[in-house]
Amino acid sequence: MEYRSNSEAETEALGAALAERLNAGDVVAFSGDLGAGKTAFTRGLARGLGVTERVTSPTFTIVNEYEGGRLPLFHFDLYRLGSAEELFDIGWEDYLLRGGVCAVEWSENGADMLEHPIRVDIRRGEQDHQRIITITEGEST
């Protein structure tokens, strides 16, 4: 499905709507340019899961964990990963087994390790504030 978002709030609302359909073990794999809105969408996912903590980009920590919602949210940023194998070094398999949702920014850097993710592609629209968001559910890489 393709959506048009005209604000950060609309992008977050799309994330919240998707979160309502997520189950333990789901992986949401993001792609899109720097500053496209991946973290904003993840803030919406967190809100939709009932997470009340402030959601920030895990660029320097690789993964941020948010507990306390309907499901835990594990927010990954793979921008700095040198190879897909490095995902295992940070405990990827353990996160998958913990019964939460994994939201993965820069998922193309770990694509070989993601099985049947929900893909969220965020691109800039014709205007500065506009985003084109494509959600493709459960397809393999």
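Please refer to the structure higher up on the page.
Everything quoted here is computed from the prediction, not taken from an experiment.

(A) Spatial organisation of the overall build of the chain. Summing up its helical and strand segments, the chain has four helices and seven strands in all. Listed N to C, the secondary structure of the chain is β-α-β-α-β-β-α-α-β-β-β in terms of helices and strands. Taken against the 2.2 N^0.38 rule, which gives 14 Å for 141 residues, the C-alpha radius of gyration of the chain at 14 Å falls within 12% of a compact globule. Across its three principal axes, the chain shows a C-alpha extent of roughly 40 × 30 × 30 Å. By residue count, 48% of the 141 residues in the chain fall in the buried class. In the chain, the share of contacts with a sequence separation of at least 24, taken over all contacts with a separation of at least 6, comes to 62%. Total accessible area on the chain is roughly 7,100 Å²; 46% of this is exposed by carbon and sulfur atoms. Charged side chains in the chain number 13 positive and 25 negative. The centres of these two groups are separated by 6 Å.

(B) Focus on the pattern of salt bridges. Evaluation of the coordinates by the stated rule reveals eight salt bridges. Between Glu8 and Arg43 there is a salt bridge; the shortest N-O distance is 2.4 Å. Taken together, the positions of Glu8 in helix α1 (residues 8–19) and Arg43 in helix α2 (residues 38–49) put the pair 35 residues apart, joining distant regions of the chain. Looking at Arg43, the relative accessible area reads 25%, which means it is partly exposed. Among the ionic pairs, Glu65 bridges to Arg98, the shortest N-O distance being 3.0 Å.

(C) Just a negative patch on the surface, in detail. Together, Glu85, Glu86, Asp89 and Asp112 give the surface a local cluster of negative charge. Here Asp112 shows up in the loop between β5 (101–105) and β6 (118–124). A residue is classified by how much of its surface remains accessible, and Asp112, at 67% relative accessible area, is exposed.

The rules we used
- Residues numbered from 1 in each chain as written.
- Predicted model: local features only at pLDDT ≥ 70, side-chain atom pairs only at ≥ 80, totals over all residues.
- Heavy atoms only, no water.
- Helix = DSSP H or I, 4+ residues; strand = E, 2+ residues; numbered from the N terminus.
- Rg over C-alpha atoms; globule rule 2.2 N^0.38 Å.
- Buried < 20%, exposed > 50% of the residue type's maximum accessible area, 1.4 Å probe, protein only.
- Contact = heavy atoms within 4.5 Å.
- Areas by Shrake-Rupley, 256 points an atom, 1.4 Å probe, with all protein chains shown as cover.
- Lys, Arg positive; Asp, Glu negative; His and termini not counted.
- Charge placed at Lys NZ, Arg CZ, Asp CG, Glu CD.
- Salt bridge = Lys/Arg side-chain N within 4 Å of Asp/Glu carboxyl O.
- Patch = residues over 30% accessible without salt bridge, like charges linked within 9 Å, V, L, I, M, F, W, Y side chains within 5 Å.

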